[in-house]
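Coordinates in review
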Amino acid sequence: MPGVQKVPQCDKCGSGILGTVVKARDKYRHPECFVCSDCDLNLKQKGYFFVEGQLYCEAHARARMRPPEGYEAVTVYP
């Protein structure tokens, strides 16, 4: 149907999003679904990290991304 907009689907809960949308990379989420995959910390104004397609807070992203022996992990912000 012409003139009908498609409603984005939330990457976390799977339901349609009406109103405010959070977009991270190519994924859409409700503001309340924009949380760390481990601890459910809301990532608004906190920064977020993608590890294997999942969103994480800094602490849990670091826990998943161990650098090779002899190297140190350093957070780089865009």
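Going by the structure above, here's the rest.
Bear in mind the structure is a predicted one, so any value in this text is a computation, not a measurement.

So, on to the packing of aromatic side chains. With the rule as written, the count across this model stands at two aromatic pairs. Judged by centre distance (5.3 Å) and plane angle (75°), the rings of F34 and Y48 are edge-to-face. Of this pair, F34 sits in the loop between β2 (27-29) and β3 (49-51) while Y48 is found in the loop between β2 and β3, placing the two residues 14 residues apart along the sequence. Residue classification places F34 among the buried positions, given a relative accessible area of 7%. Between Y48 and F50, the aromatic rings sit 6.0 Å apart at their centres with planes inclined by 85°, giving edge-to-face as the arrangement. Through pairs of rings, three or more aromatic residues link up here, namely F34, Y48 and F50.

Attention now moves to the side chain of H30. Locating H30 in the fold gives a position in the loop between β2 and β3. Not counting residues up to four positions away in its chain, the partners in contact with H30 are C10, C13, S15, G16, I17 and V22.

Rules used throughout
Residues numbered from 1 in each chain as written. Predicted model: local features only at pLDDT ≥ 70, side-chain atom pairs only at ≥ 80, totals over all residues. Heavy atoms only, no water. Phe/Tyr/Trp six-rings, centres within 6.5 Å; stacked < 30°, edge-to-face > 60°. Helix = DSSP H or I, 4+ residues; strand = E, 2+ residues; numbered from the N terminus. Buried < 20%, exposed > 50% of the residue type's maximum accessible area, 1.4 Å probe, protein only. Contact = heavy atoms within 4.5 Å.

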